[in-house]
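Chain and residue survey
Below are the chains, spelled out letter by letter.
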Amino acid sequence: MWDGWMEFGIAVLVGLAVAAVIAVVAHVALRIAARRQRWPEVLGRRSRTPFRSLLVAIVLWAAVQTAFPDELWRSVLGQILTIAIIAASAWLLASLVLVVTDVALGRYRIDVPDNRVARRIRTQMLIVRRLAVAIIIVIGIGAVLLTFDSVRAVGASVLASAGIASVVAGLAAQSVLANVFAGLQIVFSDALRVDDVVVADGEWGRVGEITLSYVVLDLWDDRRLVLPCTYFTTTPFENWTRRGSELLGAVEMDLDWNVSPAAMRTHLHDVLEKTDLWDRRTSVLQVTDAVAGYVRVRILVTAKDAPTLFDLRCLVREAMVTWVQRTMPQAVPVQRIVMSDAATPGHGSDHHITHDPTPTNDGLFTGSAEAERRASTFTNAIPVVVTDDLAERDRRD
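Residues numbered from 1 in each chain as written. Predicted model: local features only at pLDDT ≥ 70, side-chain atom pairs only at ≥ 80, totals over all residues. Heavy atoms only, no water.

Per an unreviewed UniProt entry, the recorded name for the chain is Small-conductance mechanosensitive channel, and the organism is Microbacterium paludicola.

And the structure:
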């Protein structure tokens, strides 16, 4: 009996020694390779623990199967160590997926101005990584379950009822599956990427995370807005960085008629020349409306991205308001009230105004031949149905 336990102990020690040698050799090889390339360092950091766990599980399983003296406990320990090997293998595969994606993402930087391709690759890589890890976990759980004889026995019946089970599962989890497929559609259609600036659900923010079921927006006021993936496939939204980050913004001001647009245009040029927020693409000042006692002045400026444009619009608005108050106080909007004596009807005036009792019927679409032709462009395609009552009424008229 003691000889059996002695042999088992020797087998364990030999197996652990072999595992240690393999781990040391792998570590030295990675250290040497890391001097020239970056991926060995990432591989060592991500996969060191699962690799060593797998080695230990394998050598213990081999020692139990070859030298464990108790037959009953040999099968139990073999089952446990088999599950441990499957779990460690799944862990190692998942870490390798992380290594591959980390190395790929390291080649595409998003902290540079022209990063549209990098953001697309990064978004797709993150989704593929999550999907691959999920598949590895599901396969690992299935492999663990198949190590039990009872599960293998019912495998045939489970496969036979897979059609009905899939229908029931699809009906029960249709919203979840819809979000999963929507997430894949968003990523691989390049409609939305990580770090995109979007306006969704009335909120402006940056895409911080895209998963298979939801999208997280980092809003401008440090809030987090979580939206399902189906929102971006069924609801229109604004993507301000779809092809580029450059934007054009407007500043509108309602001023008095005494304002001088030419002087404002000169001052706008001076303001923009003194700031780095303007990207020098567009600078326009126009009077877009002049009704109801006010003159509406619209200023169009451009910037390299949305945050810069916001600050630039605020800067221009404040500079123009201050300039109008200082140099053109007469252009500040005011409301005029005219005070006059009420005129007595029939007195106080030698002019007699004759009113035509018959109003004219000249309109945009009626009253003249030109108006009738204009109206016909909107009614030619509509058939005019004349009823007997209407014909009789027109004949009497």
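**Regarding the overall build of the chain**
Put simply, the test is: What counts as a helix is a DSSP run of H or I of at least four residues, what counts as a strand is a run of E of at least two, and both are numbered from the N terminus. Residue contacts follow a heavy-atom distance rule, with two residues in contact if any of their heavy atoms lie within 4.5 Å. Areas reported here follow the Shrake-Rupley algorithm with a probe of radius 1.4 Å; residue values treat only the protein chains shown as occluding.
Summing up its helical and strand segments, the chain has 13 helices and eight strands in all. Long-range contacts, defined as pairs at least 24 residues apart, comprise 63% of the intrachain contacts of the chain with a sequence gap of at least 6. Surface summary for the chain: the accessible area is close to 26200 Å², and the carbon and sulfur share equals 62%.

**Some words on the packing of aromatic side chains**
We apply this condition: Planes of paired rings set the category: under 30 degrees apart is stacked, over 60 is edge-to-face and the rest tilted, where pairs are Phe, Tyr or Trp rings (Trp by its six-membered ring) whose centres lie within 6.5 Å. Throughout this description, buried means an accessible area under 20% of the type-specific maximum (1.4 Å probe, protein chains only), exposed means over 50%, and partly exposed covers the range between.
Taken as a whole and judged by the stated rule, the model has three aromatic pairs. Seen from their ring centres, Tyr 231 and Phe 232 are 5.3 Å apart, and the 80° between their planes marks the pair as edge-to-face. When its relative accessible area of 15% is taken as the criterion, Tyr 231 is described as buried. Between Phe 232 and Phe 237 the ring centres are 5.0 Å apart and the planes differ by 85°, which places this aromatic pair in the edge-to-face class. Judged by its relative accessible area of 23%, Phe 237 is partly exposed. An aromatic cluster is present here, built from Tyr 231, Phe 232 and Phe 237 joined pairwise through their rings.

**Looking at the sheet that holds strand 6 (residues 247-255)**
Our working definition: Note: two strands are recorded as paired if DSSP finds a minimum of 2 bridges between them. For helices, the fitted axis covers only the stretch in contact; all axes are lines through C-alpha atoms, and the angles between them, taken along N-to-C directions, range from 0 to 180 degrees.
In space, the three strands of this open sheet follow the order 6-8-7, with antiparallel pairing throughout. The sheet is open, and its two borders are formed by strand 6 and strand 7 (283-289), each paired with just one other strand. Between one strand axis and the next, the sheet turns through 25° on average, direction left out of account. Sheet analysis places strand 6 next to strand 8 (residues 295-303), joined by nine bridges and oriented antiparallel. Counted as the bridge partner of Leu 247 is Ala 303 from strand 8. Its contacts with the sheet place helix 10 (residues 261-273) against strand 6, strand 7 and strand 8, and it is angled at close to 150° to strand 7. The strands that helix 11 (residues 306-327) touches are strand 6 and strand 8; relative to strand 6, the one it contacts most, it runs at about 25°.

**A few points about the pairing of strand 3 (residues 214-219)**
With five of six residues buried, strand 3 lies mostly within the body of the structure. Both strand 2 (residues 203-210) and strand 3 contribute to a ladder of five bridges, which runs antiparallel. Considered in strand 3, the bridge of Arg 206 is made with Asp 218. The pairing of strand 3 with strand 4 (residues 224-228) spans five bridges and is classified as antiparallel. Bridge pairing links Val 216 to Val 226 in strand 4.

**Description of the confidence of the model for the chain**
Fine structural detail should not be taken from predicted coordinates in areas where pLDDT scores are low. Our working definition: Per-residue confidence from the prediction method is given by pLDDT, with values spanning 0 to 100.
Residues of the chain with pLDDT of at least 70 account for 75%, and the chain-wide mean is 77. The model gives residues 346-359 a pLDDT under 50, and that stretch makes zero contacts with residues more than four places away or in other chains.

**Some details on the sheet that holds strand 1 (residues 197-200)**
Strand order in the open sheet formed by five strands is 4-3-2-1-5, and the pairing between neighbours is antiparallel. Whereas interior strands pair on both sides, the edge strands pair on one side only; in this sheet they are strand 4 and strand 5 (238-239). Sheet topology note: the strand 1/strand 5 ladder contains two bridges and is antiparallel. Bridge assignment links Val 199 to a residue of strand 5, and that residue is Glu 238.

**Considering the nonpolar core**
Rules: Only buried residues count toward a nonpolar core. Its members are Ala, Val, Leu, Ile, Met, Phe, Trp, Tyr and Cys residues joined through side-chain atoms within 4.5 Å.
Counting residues in hydrophobic clusters, the biggest one holds 25 residues, and the most contacted among them are Met 264 and Ile 299. Residue assignment for this core shows that the elements contributing at least two residues are strand 6, helix 10, strand 8 and helix 11. It is helix 11 that contributes the most residues to this core, seven residues altogether. In terms of nonpolar packing, the next biggest core, distinct from the first, is built from 21 residues, Leu 105, Val 194, Ala 200 and Val 215 among them.

**Structural notes on unusual backbone geometry**
Positive phi is not limited to glycine here, since Asp 222 has a value of about 70°. Its location among the elements puts Asp 222 in the loop between strand 3 and strand 4. Its relative accessible area of 66% is what places Asp 222 among the exposed residues. One non-glycine residue, Arg 280, lies in positive phi territory at about 65°.

**Digging into the pattern of salt bridges**
Our working rule: Salt bridge, as applied in this entry: a Lys or Arg side-chain nitrogen positioned within 4 Å of an Asp or Glu carboxyl oxygen.
This structure, assessed with the given rule, holds 13 salt bridges. Taking the shortest distance from any N to any O, the salt bridge between Asp 254 and Arg 296 comes out at 2.9 Å. One end of the pair, Asp 254, is in strand 6; the other, Arg 296, is in strand 8, and 42 residues separate them in sequence. Arg 281 is the salt-bridge partner of Asp 279, the closest N and O atoms lying 2.7 Å from each other. The structure contains a network of salt bridges with shared partners spanning Asp 195, Arg 206, Asp 218 and Arg 224.

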